[in-house]
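# Survey of secondary and tertiary structure
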Amino acid sequence: MNYAFPPAPQPHIVIANSNDRFPVRRIYCVGQNYLAHVLEMGSDPSKPPFFFTKPADAVVADGSDVAYASETENLHYEAELVVAIGTGGANITETDALNHVWGYATGIDLTRRDLQTAAKNAGKPWDMAKGFDNSAPCGALHPVAEVGHVDSGHIRLSVNGEMRQDSDLSDMIWSVPAIIATLSRFVTLAPGDLIYTGTPSGVGPVVAGDRLKVEIEGLSDLTVSIT
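Residues numbered from 1 in each chain as written. Predicted model: local features only at pLDDT ≥ 70, side-chain atom pairs only at ≥ 80, totals over all residues. Heavy atoms only, no water.

Turning our attention to the layout of surface pockets. Here the largest pocket is characterised by a volume of approximately 190 Å³. Lining the largest pocket are P11, H12, I13, V14, D57, V59, V60, A61, D62, C138, G139 and A140. Residue assignment for the lining of the largest pocket shows that the elements contributing at least two residues are β1 (12–14) and β5 (59–61). For the lining of the largest pocket, the class distribution of residues is eight nonpolar, two polar and two charged. (1 Å grid on protein atoms, 1.4 Å probe; cavity = no way out; pocket = protein on both sides within 12 Å on 5 of 7 lines; lining within 4 Å. Points joined across faces, edges and corners; volume = space filled by probe spheres on them. Helix = DSSP H or I, 4+ residues; strand = E, 2+ residues; numbered from the N terminus. Nonpolar A, V, L, I, M, F, W, Y, C, P; charged D, E, K, R; others polar.)

Structure (structure tokens):
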């Protein structure tokens, strides 16, 4: 097959303790999956979490410099556990869901909060608030074979050494199996998919010069600098 121009490079993330890379197919994100965050955003905690997407090439590696996003005056951080899918499928059951997980990583869902708020108020999509360039920093991916399944332990984010988010993965409203089972009813999951599983309370703005660090117990830290 001939292309009109060379295809874009395959987006990928680093695999811990390996020279291999994990190719990224799609990025799905869970909205409002920690009760305290639901409340701080002024949302209804009785409603289930929902899903949105980011482009695969929004991934940013640990240690990277990330330019402050254009068209926003209120860029926010959101620390998240990232689940990497290794075996695809549709209508996956909760009891079988963890068999589809390849590994876990630390992540940040960068958000143009002012654009998101405007979109919410107007009943419009969030695409430009969530799915912009370099909006999905992701740390080294740890295979399940090495770390097991990550369902508890601290999740923290600091800005310039000051703790801003500090919670536990066990506080998620929807567990990883529940997320996978629900998402797979809407789309057919495939190897290479990443799922950002939601953020705890304490989200807030960043400015150029800030250094963000995410720590999740048992996984590699993720650090990026806003420029």
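Let's shift gears to the sheet that holds strand β13 (residues 154–159). For sheets, the rule is that strands pair by backbone hydrogen bonds, running either parallel or antiparallel. Taken in spatial order, the five strands line up as β6-β18-β17-β13-β14 in an open sheet, and their pairing is mixed. Each having just a single partner strand, β6 (65–66) and β14 (162–168) make up the two edges of the open sheet. Of the pairings in the sheet, the one linking β6 to strand β18 (residues 222–226) comprises two bridges and is parallel in character. Opposite V66, over in β18, you have I226 as the bridge partner. (Pairing = 2+ DSSP bridges.)

Turning our eyes to something else, we now look at the sheet that holds strand β7 (residues 75–77). On the basis of which strands lie adjacent, the open sheet formed by three strands has the order β10-β7-β16 and antiparallel pairing. Looking at the sheet topology across the chains shown, the edges are occupied by β10 (111–112) and β16 (204–205). Pairing of β7 with β16 involves two bridges; the strand directions are antiparallel. Bridging from a neighbouring strand, H76 pairs with P205 of β16.

Tracing the backbone shows V187 in the loop between α6 (176–186) and β15 (194–196). Among the residues examined, V187 registers a relative accessible area of 24% and is labelled partly exposed. V187 sits 19 residues away from D168 along the chain, and the two C-alpha atoms are 28 Å apart. Contact partners of V187, with chain neighbours within four places excluded, come to Y28 and G89. (Buried < 20%, exposed > 50% of the residue type's maximum accessible area, 1.4 Å probe, protein only. Contact = heavy atoms within 4.5 Å.)

Turning next to helix α3 (residues 113–122). R113, Q116 and A119 are the residues of α3 that are buried. Looking straight down α3, one finds its buried side chains confined to an arc of 125°; they lie on one side. Summarising the contacts, the buried residues of α3 are in contact with β7, β10 and α4 (127–130). Following α3 by one or two positions, G123 adopts a phi angle in the positive range, close to 65°. (Arc of directions from axis to C-beta.)

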